[in-house]
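Listed below, chain by chain, are the residues.
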Amino acid sequence: MSVIEMQKIAKLIKDGDYENAEELLKGILEESPHNRTARFLFGITLARTGMLEEAEAEFLNLLEKDPRDVEALGVLAIVYRWRGKFKDALGVFNEAIELDPTRVEFYRYIADIQILEKNLKAAFMAYAKVIECNPEMASAYNNLGIVYFEMNDIDKALAAFQQAISRDGGNAKFYYNYAIALEANNQLQEAVREYEIAVGIDPYWTAARLNLGSALAKLKQLDKAGGTFDVILDEDPLSAEAWNNMGAVLAMQGYKEEAIRHFARALEECSRYDLAQRNMDSIKHDAEPKFAFAVADMLLDEEMSILFNLPKPEFEPLSGDFMGFEIPHLFEFMKYLKKMVDFLPKERRAMFDQSVIRVNMEHIINTFMGRRGILREIQDLRLKQQTLIDPIKEQIRKISSGQESAMDDPSGLPEGGTGEERRGALDMEELVDFLAYLETLSSSLPEPAVMDRFIQKMKTAVSVPG
């Protein structure tokens, strides 16, 4: 399966077009039944379409061939979770974490399952680990707040929900959960404010409107409460909860007959709705009736979904040497440099990101990895090694002595355009220019230890027999 095919199928899965994704995958598997990537994507497609048993079998087959396939382990665990096999899911997630302890989502999935199992301390520890790995993950704070709420530690729950909101102020769930915790802490006015924000973000969220109206009614703001329930009934005339709550507001305003009709309508929509029946009995028989409002008091966590990283396409790297440099060394060096750019000061990093030489780096890496095919410019090169090496040494000598600076011209391109435009050409000038540029790059690194590591790596990569 080519890279383009893989990306196309992955996009179909992401967009929910499972039918076309499955059709393409079946065609690929007919020709290559042992294609690991196709099997992996096919398993995900099965899981997303609810064929969990078949998906489980696909991932078990993949793991039989490679027990250390972390991606397959992760998705298998999610399939187990969806099938209600919580213990199996936890076991597989723990196995995946042993292989790759950096996968933050695995800890989050474990915590989600522990909540379902009511193992709150275990869930707390798992979410704490998520936050330790990624302090900016808003959903982890939200779910930690749910754990605290379930443990009746309202103050810590409020603090956790605030942390979630501070990191993602556009998520209605976070405001909704925060409002529920505030209401549980008898902070009704503050709860109303948070419910209003949640409704502002998601105007069609019935549960948030229901709770907003109930909180307003408790504050005796009956006109606003009634208006909130009216909006729900306009959008969802089958909502028994909204009919009941509107009936309670009307009763509190003294409209007894109207209230009875609303309670009756709530019972029409849900004949076993005990809350509406109690309100009906209360208004008919009690001298001082008390009315109960329906609330949606379930806190919301993030839904578990399949998060997968597509396996990297496999290419056949070029072998041998280029201009006297061993190609594997050059390739590893280029990959190292991509990471080192992150250590540059902000201005230098921005200059690098916007330069054409960055494109050249990607082109060189792609070439050495074989993504451009076998390049005749490299394979047919018959010039003597020394003829190629001397210009490099002369260029680096000039840079080192300050005679010229590659940073003054961050593009640093030889004539003829970018490597991407040439698509397949990789010549001496391009690499000479790039290595010269790297010599000056080391002086821009802010930390001495990082600079030393860079220079040593540089020396190792460009060391050639004299």
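Everything quoted here is computed from the prediction, not taken from an experiment. (Residues numbered from 1 in each chain as written. Predicted model: local features only at pLDDT ≥ 70, side-chain atom pairs only at ≥ 80, totals over all residues. Heavy atoms only, no water.)

Focus on a nonpolar patch on the surface
To be explicit about the condition: Two joining distances apply to patches: 9 Å for like charges and 5 Å for nonpolar side chains (Val, Leu, Ile, Met, Phe, Trp, Tyr), and every residue must have over 30% relative accessible area and no salt bridge. Shrake-Rupley sampling with a 1.4 Å probe provides the accessible areas, and residues are treated as covered by the protein chains on show and by no other component. Salt bridge, as applied in this entry: a Lys or Arg side-chain nitrogen positioned within 4 Å of an Asp or Glu carboxyl oxygen. Helix numbering and strand numbering both begin at the N terminus, where a helix is a DSSP run of H or I of at least 4 residues and a strand a DSSP run of E of at least 2.
Together, Phe124, Met125 and Met151 make up an exposed nonpolar region whose accessible area comes to about 290 Å². Among the structural elements, Met151 can be located in the loop between helix 9 (138-150) and helix 10 (154-167).

Quick notes on the confidence of the model for the protein chain
Operational definition: Every residue gets a pLDDT, meaning the predictor's confidence in that residue, from 0 to 100. Contacts: residue pairs with any heavy atoms within 4.5 Å of one another.
Of all residues in the protein chain, 67% have pLDDT values of 70 or greater, and the mean over the chain is 79. Predicted confidence is poor over residues 404-426, with pLDDT under 50, and the contacts of this stretch with residues over four places away or in other chains come to 57 contacts.

Quick word on the side chain of Glu194
Within the secondary structure, Glu194 sits in helix 12 (residues 188-201). If we ignore the near neighbours within four places in the chain, the residues touching Glu194 are Ile165, Tyr175, Tyr178, Ala179 and Leu182.

As for the packing of aromatic side chains
The description of an aromatic ring pair rests on the distance of the ring centres and on the angle between the ring planes. We count it as follows: Pairing of aromatic rings covers Phe, Tyr and Trp, the last through its six-membered ring, and needs centres within 6.5 Å; plane angles under 30 degrees mean stacked, over 60 mean edge-to-face, and all others mean tilted. Partly exposed residues are those whose accessible area sits between 20% and 50% of the maximum for their type, while under 20% is buried and over 50% is exposed, using a 1.4 Å probe and protein chains only.
In total, this model carries eight aromatic pairs according to the counting rule given. Ring centres 6.5 Å apart and planes at 20° place the aromatic pair Phe229 and Phe293 in the stacked group. With Phe229 in helix 14 (residues 222-235) and Phe293 in the loop between helix 17 (274-285) and strand 1 (321-322), the pair connects residues that are 64 residues apart, well separated along the chain. Accessibility assignment for this pair places Phe229 and Phe293 in one class, buried. By way of ring pairs, the aromatic residues Phe93, Phe106 and Tyr109 are connected into one cluster.

Observations concerning the nonpolar core
Spelled out, the test is: We call a set of buried Ala, Val, Leu, Ile, Met, Phe, Trp, Tyr and Cys residues a nonpolar core when their side-chain atoms join them within 4.5 Å.
Among the nonpolar cores identified, the biggest contains 117 residues, and Phe59, Phe93, Tyr176, Tyr195, Phe229 and Tyr273 are the most heavily contacted of them. The residues touching Tyr195, leaving out its near neighbours within four places in the chain, are Tyr176, Ala179, Ile180, Glu183, Ala208, Asn211, Leu212 and Ala215.

A few points about the environment of Ala198
You can see Ala198 is positioned in helix 12. Under the relative-accessibility criterion, Ala198 is labelled buried at 0%. Taking C-alpha positions, Ala198 is 8.8 Å from Gly170, a pair spaced 28 residues apart along the chain. Setting aside anything within four residues of it in sequence, one finds Ala198 in contact with Ala172, Tyr175, Tyr176 and Ala208.

Focus on the packing of helix 16 (residues 256-269) against helix 17
Basically, it comes down to this: Angles here are taken between N-to-C directions and fall from 0 to 180 degrees, while the axes themselves are lines fitted to C-alpha atoms, restricted in helices to the stretch in contact. Comment on the angle field: the value is read as roughly parallel under 35 degrees, roughly antiparallel over 145, roughly perpendicular from 65 to 115, and oblique elsewhere. Two helices crossing with the near one rotated counterclockwise from the far one by less than a right angle form a left-handed crossing, whereas a clockwise rotation gives a right-handed crossing. Three residue categories are used. Nonpolar comprises Ala, Val, Leu, Ile, Met, Phe, Trp, Tyr, Cys and Pro, charged comprises Asp, Glu, Lys and Arg, and polar comprises the others, including Gly.
Packing of helix 16 against helix 17 brings their axes to within 9 Å, and their N-to-C directions diverge by 155°. Classified by the angle their axes make, helix 16 and helix 17 are roughly antiparallel. The handedness of the crossing between helix 16 and helix 17 comes out as left-handed. Residues Lys256, Ala259, Ile260, Phe263, Ala264, Ala266 and Leu267 of helix 16 pack against Ala276, Gln277, Asn279, Met280, Ile283 and Lys284 of helix 17. Its residues assigned to classes, the contact of helix 16 with helix 17 shows nine nonpolar, two polar and two charged.

Looking at the packing of helix 3 (residues 36-48) against helix 4 (residues 52-65)
Contact geometry of helix 3 with helix 4 gives a least axis separation of 8 Å together with a crossing angle of 155°. Classified by the angle between their axes, helix 3 and helix 4 sit roughly antiparallel to one another. The interaxial crossing formed by helix 3 with helix 4 has left-handed handedness. Residues Arg36, Arg39, Phe40, Phe42, Gly43, Ile44, Leu46 and Ala47 of helix 3 lie in contact with helix 4, whose contacting residues are Leu52, Glu54, Ala55, Glu58, Phe59 and Leu62. When grouped by side-chain class, the residues that make up the contact of helix 3 with helix 4 number nine nonpolar, one polar and four charged.

A word on the pattern of salt bridges
In this structure the tally under the stated criterion is 16 salt bridges. A salt bridge links Arg36 to Asp69; the nearest nitrogen and oxygen atoms lie 2.6 Å apart. In this pair, Arg36 sits in helix 3 while Asp69 sits in the loop between helix 4 and helix 5 (70-82), placing the two residues 33 residues apart along the sequence. Using a relative accessible area of 25% as the deciding quantity, one classes Arg36 as partly exposed. Among the salt bridges present, the one from Glu183 reaches Lys218, with a minimum N-O distance of 2.9 Å. One end of the pair, Glu183, is in helix 11 (residues 172-184); the other, Lys218, is in helix 13 (residues 206-218), and 35 residues separate them in sequence.

Quick look at the environment of Leu219
Mapping Leu219 onto the fold places it in the loop between helix 13 and helix 14. Take Leu219: its relative accessible area is 26%, and that puts it in the partly exposed class. A C-alpha to C-alpha distance of 9.4 Å links Leu219 and Val192, two positions 27 residues apart in sequence. If we skip the residues at most four places from it in the chain, Leu219 touches Leu188, Gln189 and Val192.

Section: helix 13
The condition that has to hold: To estimate how far a helix should extend, the number of its residues minus one is multiplied by 1.5 Å.
When the terminal C-alpha atoms of helix 13 are compared, their 18 Å separation across 13 residues agrees well with the 18 Å that a helix rising 1.5 Å per residue should span. Taken across its 13 residues, helix 13 has ten buried, putting it largely inside the fold. Those residues of helix 13 that sit buried are Ala208, Arg209, Leu210, Asn211, Leu212, Gly213, Ser214, Ala215, Leu216 and Ala217. Those residues of helix 13 that are buried lie in contact with helix 11, helix 12, helix 14 and helix 15 (240-252). At the exit of helix 13 stands Lys220, carrying a positive phi of roughly 70°.

Observations regarding the side chain of Asn142
Here is the rule we go by: In protein, a polar contact means a hydrogen-donor-capable atom and an acceptor-capable atom, both N or O and within 3.5 Å, with residues adjacent in sequence counting only if both atoms are side-chain atoms; elsewhere, any N or O pair within 3.5 Å suffices.
Inspection of the secondary structure assignment puts Asn142 in helix 9. Assessed through its relative accessible area of 0%, Asn142 is described here as buried. Reaching out from Asn142, the side chain makes a polar contact with the side chain of Asn143 at a distance of 2.9 Å. Setting aside residues no more than four positions away along its own chain, Asn142 makes contact with Phe161, Ala164, Lys173, Phe174, Asn177, Leu300, Asp301 and Glu302.

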